[in-house]
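Residues per chain are reported as follows:
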Amino acid sequence: MSDDEVDHELLDLLRKSLGLGPPDPSAPPETKVLQNAEFIYDNSIDVALDMRHTKVAAIDILKQMQEREYSTKAWSEHTLHPKAKDESTVNFIFTMDLLNFSFWSEKEEGDRFAVKYGEEEKRWTGYWSLVAALQRALDEDIPITTPGFWVDEEECSEEVLRKVFRSETEEEIPLFEERVRCLREAGQILEEEFDSSVVTLIEDAKNSAAGLVNLLAERFPCFRDEATFERKKVRLLKRAQIFVADLWAAFEGEGYGEFNDIDKITMFADYRVPQILHTLGCISYSPPLEKRIRNYGIIEPGHSWELQIRGCSIWAIELLRREILKLQPDAKVNAILLDFFLYDFAKEKEKNGEEAIPHHRTRSIWY
Ligand SMILES: Nc1nc2c(c(CN[C@H]3C=C[C@H](O)[C@@H]3O)cn2[C@@H]2O[C@H](COP(=O)(O)O)[C@@H](O)[C@H]2O)c(=O)[nH]1
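Overview of the structure. (Residues numbered from 1 in each chain as written. Predicted model: local features only at pLDDT ≥ 70, side-chain atom pairs only at ≥ 80, totals over all residues. Heavy atoms only, no water.)

**Topic: the overall build of the chain**
The number of helices and strands found in the chain is 16 helices and 6 strands. Projected onto its principal axes, the C-alpha positions of the chain cover 70 × 50 × 40 Å. The buried share of the chain, reckoned over its 367 residues, is 54%. Within the chain, counting contacts between residues at least 6 apart in sequence, those at least 24 apart form 74% of the total. On the chain, roughly 17300 Å² of surface is accessible, and the fraction owed to carbon and sulfur atoms is 49%. Positive and negative side-chain charges of the chain, numbering 46 and 71 respectively, have mean locations separated by a distance of 5 Å. (Helix = DSSP H or I, 4+ residues; strand = E, 2+ residues; numbered from the N terminus. Buried < 20%, exposed > 50% of the residue type's maximum accessible area, 1.4 Å probe, protein only. Contact = heavy atoms within 4.5 Å. Areas by Shrake-Rupley, 256 points an atom, 1.4 Å probe, with all protein chains shown as cover. Lys, Arg positive; Asp, Glu negative; His and termini not counted. Charge placed at Lys NZ, Arg CZ, Asp CG, Glu CD.)

Laid out in structure tokens, this is it:
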């Protein structure tokens with residue numbers, strides 16, 4: 001009998017001795033991300049949370065969110081985000097969050113990958129460069145948000161994809177080859193299992209946010225954002241979660257964005273929100289880690305420092321959310337809206353040149 005079978009045998013015996021029945025297959029799905037984030041926080045020595053600053057930040061953020069009447073509506077108000085409440089927006093969001101990773105550059109601001117698009121031919125960088133590139137491709141009649149296109153290597157050739165992601169500068173989009181692989185893989189899995197339809201994928205989750213996150217992590221390797229920390233598997237699932245969150249926000253909780261458990265979605269463990277959490281004093285780094293970050297040093301994917309930053313940031317947003325609800329129990333605030341608010345806040349501070357500490361530099365397809 002294999003170890004796994006022994007474990008199951010023991011588990012069944014334990015359940016019977018405790019008078020518990022077999023595991024309930026109809027139990028609501030869980031992603032385990034928040035639980036894993038708390039485990040990382042409890043075992044972190046290079047990243048710490050500060051409750052005093054978290055309580056102060058909660059007061060300030062709640063005030064700002066109320067003044068701005070911050071809600072899911074803010075998502076569609078971004079000039080580049082799609083506005084139509086239909087399948088074209090579902091496909092746009094899936095394509096966007098399939099490729100929503102690693103825009104940071106080692107180059108000066110003027111030399112980094114940038115996309116010119118929209119009125120006055122504005123130059124977009126970072127996350128917005130991806131959104132601009134997709135909008136530009138659609139304007140040029142390239143069906144870049146259609147899954148069937150991604151698997152047709154004649155039509156969707158490398159040359160066409162280089163045109164889609166062409167830059168205003170010498171620097172190409174980071175991880176271009178990996179982005180092509182993500183498109184091909186996702187297109188193939190959608191074709192094999194979901195009739196090449198993102199809507200079918202969403203419908204298979206039966207309005208469960210956690211179910212849709214788990215479906216993405218189980219079926220699509222390029223969404224399986226997991227690692228090992230202190231010999232335990234931890235799930236961070238940033239792009240799977242932000243896909244669900246973007247759907248929920250874009251459709252304002254209705255239609256393709258209707259989920260009965262949306263509050264199970266956590267903060268998205270990227271490289272921008274940890275930076276603003278540090279600026280707010282909610283998280284702090286050990287001297288060696290802070291030195292690595294301030295020296296723009298690389299932190300390898302899966303390194304303990306990277307996982308501590310990502311896991312503690314998820315947990316910090318959970319504590320911030322709890323502090324806000326203590327201040328105002330009926331506040332319409334969940335981890336998604338807090339995260340979106342802090343991302344936009346971080347971008348405002350960056351635009352005003354107020355960047356306090358650099359963001360950490362890990363190059364990967366996960367965020
Ligand atoms: N945690 C979190 N991470 C986010 C976003 C967004 C954009 N979301 C839009 C939708 C609703 C919001 O209102 C935003 O307008 C991008 N990212 C991540 O940041 C990094 C890019 O940074 P930079 O190079 O500076 O653009 C990269 O890892 C990207 O995946 C977010 O919201 N939360």
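Moving on from the coordinates now.
**Considering the site of the ligand**
The full set close to the ligand counts 23 residues, and Asn100, Lys238, Arg272, Asp339 and Lys347 are the nearest of them. Within the contact set of the ligand, an oxygen atom lies 2.4 Å away from a side-chain nitrogen or oxygen of Lys238. A distance of 3.0 Å is found between a nitrogen atom of the ligand and a backbone nitrogen or oxygen belonging to Phe268. Starting from 650 Å² of accessible surface for the ligand in isolation, the protein chains cover 100%. Spatially, the ligand is embedded in the largest pocket. The element contributing the most residues to the shell around the ligand is helix 16 (residues 335–351), with 5 residues. When grouped by side-chain class, the residues that make up the shell around the ligand number 12 nonpolar, 4 polar and 7 charged. (Near = heavy atom within 4 Å. Polar contact = N/O pair within 3.5 Å; in protein donor to acceptor, adjacent residues only side chain to side chain. 1 Å grid on protein atoms, 1.4 Å probe; cavity = no way out; pocket = protein on both sides within 12 Å on 5 of 7 lines; lining within 4 Å. Sits in = over half its atoms within 2 Å of the grid points. Nonpolar A, V, L, I, M, F, W, Y, C, P; charged D, E, K, R; others polar.)

**Brief notes about the pairing of strand 5 (residues 232–235)**
The pairing of strand 4 (residues 226–229) with strand 5 spans 4 bridges and is antiparallel. Directly across from Phe229, in strand 5, lies its bridge partner Lys232. With antiparallel pairing between neighbouring strands as the criterion, strand 4 and strand 5 make up a hairpin whose turn holds 2 residues, including Glu230 at a positive phi of roughly 50°. (Pairing = 2+ DSSP bridges.)

**A few points about the layout of surface pockets**
Volume-wise, the largest pocket comes out at about 770 Å³. Forming the walls of the largest pocket are 40 residues, and the residues nearest its centre are Tyr271, Arg272, Tyr343, Lys347 and Glu350. For the lining of the largest pocket, the secondary structure elements donating two or more residues are helix 4 (73–77), helix 6 (127–139), helix 12 (238–250), helix 13 (273–279) and helix 16. Broken down by element, the lining of the largest pocket gets its largest block of residues, 6 residues, from helix 16. What the second largest pocket holds in volume is close to 620 Å³. Together, 19 residues line the second largest pocket, and Trp124, Trp128, Lys347, Glu348 and Lys351 are the ones closest to its centre. Looking at the lining of the second largest pocket, the elements that each hand over two or more residues are helix 4, strand 3 (123–124) and helix 16. Here the element with the most residues in the lining of the second largest pocket is helix 16; it accounts for 6 residues. Tallied by class, residues from the lining of the second largest pocket come to 5 nonpolar, 3 polar and 11 charged. (Points joined across faces, edges and corners; volume = space filled by probe spheres on them.)

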